[in-house]
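# An overview of the molecular structure
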Amino acid sequence: MSEVVHGRLEVRRARYAVAAVFAVHGAVTGSFATRVPWIQDHAGVSAGQLGLALAFPALGASVAMPLAGRISHRFGARTALRGLIALWTLSLVLPSLAPDLLTLCLALFVYGATAGMSDVAMNALGVEVENRLDKSIMSGLHGMWSAGALIGSAAGTLAAHLGADARLHHVLAAAVLTVTGVTACAWVLDLQPAKNEEPPPRFALPPRSALLIGAIGFCAVFAEGASLDWSAVYLRDQLGASAGLAAACTTGFTLTMAIARIAGDRVVDRYGAVRTVRASGVLAVLGGLLIVLARHPAMAMGGFALMGLGIAVVVPLCFAAAGRSGTNPSLAIAGVATITYTSGLIAPSAIGLLAQATSLMVSFVLVTVLSCGLAGFARVLRAGDRTKITRPDAAVPGPRP
């Protein structure tokens, strides 16, 4: 087998391996989210205390994400991802073991820290595979994350329906997901730092390019968090929908995002990242207008579906652009991830506070206004538009850029 053919097969295997890691990462999130009520009861915390505790994953992620690049430099990308994904899957067990508020906050801090570091490592490898294949795959990888989250949440819903102890459920889930994630890592690219390459700093402010790209991601994740947490409430309280129809709206929004992400790579390859995000922003704004102007549940459900379609590919393209925006991809990706994690943290509470002061409809006016930023500032993602490689050995793994 020629070196060129072997290289292409290695990169293709790496693509599927990274996709599996993304799915495992999402499945952990889905498994945790469905058992939050059980965890709240077990820890004996109030709704307000639970809200405080749920801020700690984002805090842990923000603190730890800059370390991912240094870990990858020290151990190599494959070994680093194998260790980080194992820590993330095993950390699923910790929150369900917490007996009180303090231990729950500590458990969620560790949970978030391992989530953030593995997130940066897998996105950096995804960008490298995308570069070597010379075609868009980041949207599909994030689609696999969404698919994994759906699978994890479905299993968690079943466990909750059966009245299973979350500790047992999470131990079993962590065992299965750890084996799956570690096994998949055997085929990811084994990137090693160049000789005499300086290790990245333990902590550093994200580069300016990451701040601009992160602003786009902030708008998209704000709309995503608002829609996920408040779409059912919006249909029930604003439009008088039944509980079943309201829940179906949230499920539909999630499915729309997953499908759009899996199919989004073809659109990006054809039209480029900038034009794709501009069109996505228009769809998101149209969705927001339908939600705000809706007088019937069906109209609002259509609006949430458009919103999901509009924001689906934005975050993957933000990571892709960050990975090509400077000399330190991991640092740029960590910066973008920190901003998007922060957006996901503040969006639900910001929507709730604004709704309490005014109305839920006004809250989604804010979401619609932020969605305008996707179309207006899409040009900052121009780093995500790849330059076509015409060399015949383009897919052969080479030195880390």
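Residues numbered from 1 in each chain as written. Predicted model: local features only at pLDDT ≥ 70, side-chain atom pairs only at ≥ 80, totals over all residues. Heavy atoms only, no water.

Inclusion rule: UniProt positions are given in the numbering used here, feature names are shortened, and annotations may be inferred rather than shown by experiment.
The protein chain is annotated in an unreviewed UniProt entry as MFS transporter from Streptomyces fimbriatus. Of the protein chain, the UniProt comment under Subcellular location (unreviewed entry) reads exactly: "Cell membrane".

### Points about the overall build of the protein chain
Keep this limit in mind: Segments assigned H or I by DSSP are reported as helices when at least four residues long, segments assigned E as strands when at least two residues long, and all are numbered from the N terminus. Throughout, the radius of gyration refers to the C-alpha atoms, and the reference size of a globule is 2.2 Å times the residue count to the power 0.38. Only protein chains enter the accessibility calculation, which uses a 1.4 Å probe; a residue is then buried when its area is under 20% of its type maximum, exposed when over 50%, and partly exposed in between. By definition in these notes, contact holds between two residues if any of their heavy atoms fall within 4.5 Å.
Tallying secondary structure elements over the protein chain gives 17 helices and 0 strands in all. Computed over its C-alpha atoms, the radius of gyration of the protein chain comes to 21 Å, within 12% of the 21 Å expected for a compact globule of 401 residues. Relative to its full complement of 401 residues, the protein chain shows a buried share of 51%. Sequence-distant contacts, at least 24 apart, represent 85% of the contacts inside the protein chain between residues at least 6 apart.

### Quick look at a nonpolar patch on the surface
As a reminder of what qualifies: Exposure above 30% relative accessible area and no salt bridge define the residues that can form patches, which grow by joining like charges within 9 Å and nonpolar side chains of Val, Leu, Ile, Met, Phe, Trp and Tyr within 5 Å. A 1.4 Å probe and the Shrake-Rupley method give the accessible areas. Residues count as covered only by the protein chains that appear here. Just to be clear on terms, a salt bridge is a Lys or Arg side-chain nitrogen sitting within 4 Å of an Asp or Glu carboxyl oxygen.
Together, V282, L286, L289, L293 and M299 give the surface a local cluster of nonpolar side chains, amounting to about 420 Å² of exposed area. The element contributing the most residues to the nonpolar patch is helix α13 (residues 273–293), with 4 residues. With respect to the helices and strands, V282 occurs in helix α13. Given a relative accessible area of 46%, V282 falls into the partly exposed group.

### Digging into the pattern of salt bridges
Counted by the stated rule, this structure contains 4 salt bridges. For D165, the salt bridge is made with R167, and the minimal N-O distance between the two is 2.7 Å. The exposure class assigned to D165 is partly exposed, which follows from its relative accessible area of 27%. Its relative accessible area of 33% is what places R167 among the partly exposed residues. Measuring nitrogen to oxygen at the nearest pair gives 2.8 Å for the salt bridge that ties R236 to D237. The exposure class assigned to R236 is partly exposed, which follows from its relative accessible area of 47%. On the basis of relative accessibility, which here comes to 47%, the residue D237 falls in the partly exposed class.

### Quick notes on the packing of aromatic side chains
Selection rule: Ring geometry is summarised as follows: Phe, Tyr and Trp rings, the Trp one being its six-membered ring, pair when their centres sit within 6.5 Å, and such pairs are stacked at plane angles under 30 degrees, edge-to-face over 60 and tilted between the two. Here, a charge over a ring is recorded when the distance from Lys NZ or Arg CZ to the ring centre is within 6 Å and its angle to the ring normal is within 35 degrees.
Under the defined criterion, the tally for this structure stands at 6 aromatic pairs. For the pair W88 and Y111, a centre-to-centre distance of 4.7 Å together with 50° between the ring planes defines the contact as tilted. A residue pair is termed long-range when its members are at least 10 positions apart, and W88 in helix α6 (residues 77–91) and Y111 in helix α8 (residues 101–133) qualify at 23 residues. Classification of Y111 by relative accessible area gives buried; the value is 6%. Among the aromatic residues, those joined into a ring-pair cluster are F32, W88 and Y111. Between the NZ or CZ atom of R74 and the centre of the ring of F75, over which it lies, the distance is 4.9 Å.

### Comments concerning the environment of A47
Residue position: A47 is located in helix α3 (residues 47–53). The sequence separation of A47 and H25 amounts to 22 residues, and the corresponding C-alpha distance is 27 Å.

### Here's the deal with helix α15 (residues 314–323)
Most of α15 sits inside the fold, with 10 of its 10 residues counted as buried. What α15 keeps buried is the set V314, V315, P316, L317, C318, F319, A320, A321, A322 and G323.

### Observations concerning the nonpolar core
The condition that has to hold: What is meant by a nonpolar core is a set of buried Ala, Val, Leu, Ile, Met, Phe, Trp, Tyr and Cys residues, joined one to another through side-chain atoms within 4.5 Å.
Grouped together as the largest cluster of nonpolar side chains are 109 residues, with contacts concentrated most on I311, F364, L374 and L381. Of all the elements, α8 adds the most residues to this core, at 15 residues. Look past the residues within four positions of L374 in its chain and what remains in contact with it is I216, C219, A220, V277, G281, A284, I311 and V314.

### Observations regarding the side chain of T178
Basically, it comes down to this: N or O atoms closer than or at 3.5 Å make up a polar contact, with two conditions inside protein: a donor-capable atom paired with an acceptor-capable one, and, for residues adjacent in sequence, both atoms drawn from side chains.
Along the chain, the position of T178 falls in helix α10 (residues 166–184). By relative accessible area, which is 15% here, T178 ends up buried. Polar side-chain contacts of T178 include one of 2.6 Å to the side chain of T89.

### A look at the packing of α6 against α10
To be explicit about the condition: To get an axis, fit a line to the C-alpha atoms, keeping to the stretch in contact for a helix; angles then go from 0 to 180 degrees between the N-to-C directions. Should an angle fall under 35 degrees it is taken as roughly parallel, and over 145 as roughly antiparallel, whereas 65 to 115 is taken as roughly perpendicular and any remaining angle as oblique. When residues are grouped by polarity, Ala, Val, Leu, Ile, Met, Phe, Trp, Tyr, Cys and Pro land in nonpolar, Asp, Glu, Lys and Arg in charged, and all others, Gly among them, in polar.
Running from N to C, α6 and α10 cross one another at 170°; their axes reach a closest spacing of 9 Å. The angle between the axes of α6 and α10 places the two elements in the roughly antiparallel class. Touching R82, I85, A86, T89 and L90 of α6 are A174, L177, T178, G181 and V182, all from α10. Residue composition of the contact of α6 with α10, grouped by class: 6 nonpolar, 3 polar and 1 charged.

### Overview of helix α9 (residues 138–161)
For the record, the criterion: Here the expected length of a helix is defined as 1.5 Å per residue gap, with one fewer gap than residues.
When the terminal C-alpha atoms of α9 are compared, their 34 Å separation across 24 residues agrees well with the 34 Å that a helix rising 1.5 Å per residue should span. Looking at the residues trailing α9, positive phi occurs at G163, about 75°.

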